[in-house]
Amino acid sequence: MQVTMTVNGAEVTRDVEPRQLLVHFLRETLGLTGTHWGCDTSNCGTCVVLVDGLPVKSCTQLAAMTSGHEVRTVEGLAGGAGLDPVQQGFMAEHGLQCGFCTPGMMLTARALLDRDPDPDEATIREAISGQICRCTGYATIVRSVRWAAEHPAAAATDQEVTA
Amino acid sequence: MQVPAPFDYARATSVAEALELLERHGEEARLVAGGHSLLPMMKLRLARPDWVVDINDVAELRHITEEPGRLRVGALTRHAELLGSEVVGRLFPIVHDAERVIADPVVRNRGTIGGSLAQADPAEDLTTVCDVLRAEVVIAGRDGERVVAMPEFHRGPYETACAQDEIVTEVRFPVRAGQGSAYEKVERRVGDWAVAAAGAALVLDDGGAITEAAVGLTALGLEGLAVEAAAVLVGQRPDEALFAEAARLAAAASAPVEDGRGPVDYKRHLADELTRRVLRTAAARAGALTAVQGG
């Protein structure tokens, strides 16, 4: 069957099997491997992407169900002005070690900050409670999101990104 | 990689179209809304439908409507929307109590009230919530709509009054003056199914006496309400000794089974303790309501 959706601002149309999960559509059909694929059981949250602005677990949604909708993956976080403040926050506050949970964490953080630009620690912890990190123990992730909240207009230069 | 077995996909944009698709494709068609019960079951081949009918675009099923004497909630209303609804929290704080501990915030963006009730998992929270609020469920079929009370709707684990060719369209909650309600769950970690949970709704009259009571348990082997527990509450004024007696009766009515989430004794202890807690909270909330209305 044919699906058409907007992914990171660009419309894409592809033939898929109805049973293809959104996570595999993004990774294998579109080659957007920034979305990670973990537990397959909607527990770990590494596959989180934004669909119509809301975080969802892409291992538990069919690509077919997403047709006609708008998807944002980690590849779509950075804009013309450089990295998203959330991405800069994760760099500034060491919000990652292995990086496996990071794309999902950053997208959930982006969605949180879009509706609540100044969340306290409890609000951030609640927002990411459906996603598992096995490296940092969450403290630095929470600090990274706070950093982004405190630097909403931060725009990284190329130098900062590559530094 | 866990991937469902092959199937065909159809998308409905109205209840009538969904019913027509269910009829056309027969026994092996399944509705999908949030997908967080069906898709995992399909990955494990516990479900293997030939057709999946997507009802996420059926806009008529997605609403929260306040009317005199009742609140109508469309079956496609997401958990996150219930949790974000001021009117739901004001009229039925038990729904917000439960929604805060259903799965996790990301899953709550997809899961729906209709899906939760229709799936009827024995550790699912909204069945107990709807039981104690004496909700009614609207079911649409080829011959029109029917409205069934929760005891008739929920027949047991994974079994409801909604037939293969029907759709749950709405849940109706009666609004009662002076009602307070509460839900509390023990889970091993965020997003896990309940080890045990309890819900209660109390109606207090102007004098502070309990005129209506309902107590329900989740994941504790009790289908429907804890009738004996409710019976001792009615006609009495709320106090700790009364709650202790009602909780003892609720625990006695429970029939937990030992599993990875705990032994029988522990779960029965939770039935007792959680019932006390939700009765305390429900009574306090009912009192607050009475005070506001009386004042």
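Residues numbered from 1 in each chain as written. Chains lettered and ligands numbered in written order. Predicted model: local features only at pLDDT ≥ 70, side-chain atom pairs only at ≥ 80, totals over all residues. Heavy atoms only, no water.

1. Description of the interface of chain A and chain B
Thought 1: With 31 residues of chain A in contact, the opposing surface of chain B contributes 30 residues.
Thought 2: Carbon and sulfur atoms supply 61% of the area buried between chain A and chain B, which totals about 2300 Å² over both sides.
Thought 3: Looking only at chain A, the three residues that lose the most surface to chain B are A:Arg19, A:Thr60 and A:Met65, adding up to 27% of its buried area.
Thought 4: At the boundary of chain A and chain B, one finds three salt bridges.
Thought 5: B:Asp104 serves as the salt-bridge partner of A:Lys57, at 2.7 Å between the closest nitrogen and oxygen.
Thought 6: Counting across the chain A and chain B interface gives eleven residue pairs in polar contact (both at pLDDT 80 or more). (Contact = heavy atoms within 4.5 Å. Buried area = accessible area lost by both parts, 1.4 Å probe. Salt bridge = Lys/Arg side-chain N within 4 Å of Asp/Glu carboxyl O. Polar contact = N/O pair within 3.5 Å; in protein donor to acceptor, adjacent residues only side chain to side chain.)

2. Thoughts on the domain arrangement of chain A
Residues and elements named next belong to chain A.
Thought 1: For chain A, the assigned domains are domain 1 (2-76) and domain 2 (85-153).
Thought 2: Computed from C-alpha atoms alone, the centre-to-centre distance between domain 1 and domain 2 is 21 Å.
Thought 3: On the side of domain 2, 14 residues touch domain 1, which itself brings 17 residues to the contact.
Thought 4: Regarding the contact of domain 1 and domain 2, the summed buried area is about 1100 Å², with carbon and sulfur atoms giving 65% of it.
Thought 5: Put simply, domain 1 and domain 2 have zero salt bridges between them. (Domains from an automatic or database assignment.)

3. Observations regarding the nonpolar core
Residues and elements named next belong to chain B.
Thought 1: Counting 37 residues, the largest nonpolar core has Leu-117, Leu-133, Phe-153 and Phe-173 as the members making the most contacts within it.
Thought 2: Looking at which element gives the most residues to this core, the answer is helix H8 (residues 126-132), with four residues.
Thought 3: Mapped onto the domain boundaries, this core takes at least three residues apiece from domain 2 (61-174) and domain 3 (179-294).
Thought 4: When sequence neighbours within four positions are dropped, the list of residues in contact with Leu-117 reads Glu-124, Leu-126, Thr-127, Cys-130, Val-137, Met-150, Phe-153, Thr-160 and Val-171.
Thought 5: Counting residues in each nonpolar core, the second largest holds 31 residues, with Leu-202, Leu-217, Leu-222 and Leu-270 among its members. (Core = buried A, V, L, I, M, F, W, Y, C linked by side-chain atoms within 4.5 Å. Buried < 20%, exposed > 50% of the residue type's maximum accessible area, 1.4 Å probe, protein only. Helix = DSSP H or I, 4+ residues; strand = E, 2+ residues; numbered from the N terminus.)

4. Describing helix H4 (residues 102-115) of chain A
Residue and element names in this part refer to chain A.
Thought 1: In this model H4 runs 20 Å from its N-terminal to its C-terminal C-alpha over 14 residues, within 8% of the 20 Å that 1.5 Å per residue would give.
Thought 2: Among the 14 residues of H4, twelve are classified as buried, and the element is accordingly described as predominantly covered.
Thought 3: Turning to H4, its buried residues are Thr-102, Pro-103, Gly-104, Met-105, Met-106, Leu-107, Thr-108, Ala-109, Arg-110, Ala-111, Leu-112 and Leu-113. (Expected span 1.5 Å × (residues − 1).)

5. Focus: the pattern of salt bridges
Thought 1: Enumeration over the complete set of coordinates arrives at 34 salt bridges over all chains.
Thought 2: Of the charged contacts in the structure, one is a salt bridge between A:Glu126 and B:Arg108, with a shortest N-O distance of 2.8 Å. Of this pair, A:Glu126 sits in helix H5 (residues 121-127) while B:Arg108 sits in helix H6 (residues 105-108), which puts the two residues in different chains.
Thought 3: The class of A:Glu126 is partly exposed, set by a relative accessible area of 38%.
Thought 4: One salt bridge in this structure joins B:Glu166 and B:Arg146, with 2.8 Å as the shortest N-O distance. Taken together, the residues B:Glu166 in the loop between strand S9 (159-160) and strand S10 (167-174) and B:Arg146 in strand S7 (residues 144-149) connect sequence positions 20 residues apart.
Thought 5: Looking at B:Glu166, the relative accessible area reads 13%, which means it is buried.
Thought 6: A single network of salt bridges, built from pairs that share partners, joins B:Glu67, B:Arg70, B:Arg72, B:Glu170 and B:Arg172.

6. Some thoughts on the sheet that holds strand S3 (residues 48-51) of chain A
Residue and element names in this part refer to chain A.
Thought 1: Strand order in the open sheet formed by five strands is S2-S1-S5-S3-S4, and the pairing between neighbours is mixed. Edge strands, defined here as strands with exactly one partner in the open sheet, are strand S2 (10-15) and strand S4 (54-57). In this sheet, adjacent strand axes meet at a mean angle of 40° when their direction is disregarded.
Thought 2: The pairing of S3 with S4 spans four bridges and is classified as antiparallel. Residue Val-48 lies in a different strand from S4, and its bridge partner there is Lys-57.
Thought 3: Sheet strands touched by helix H1 (residues 22-29): strand S1 (2-7), S2, S3 and strand S5 (70-72). Its angle to S1, the strand with the most contacts, is close to 80°.
Thought 4: Packing of H4 onto the sheet brings it into contact with S3, S4 and S5, and relative to S3 it is tilted by some 35°. (Pairing = 2+ DSSP bridges. Axes fitted to C-alpha atoms, helices over the stretch in contact; angles between N-to-C directions.)

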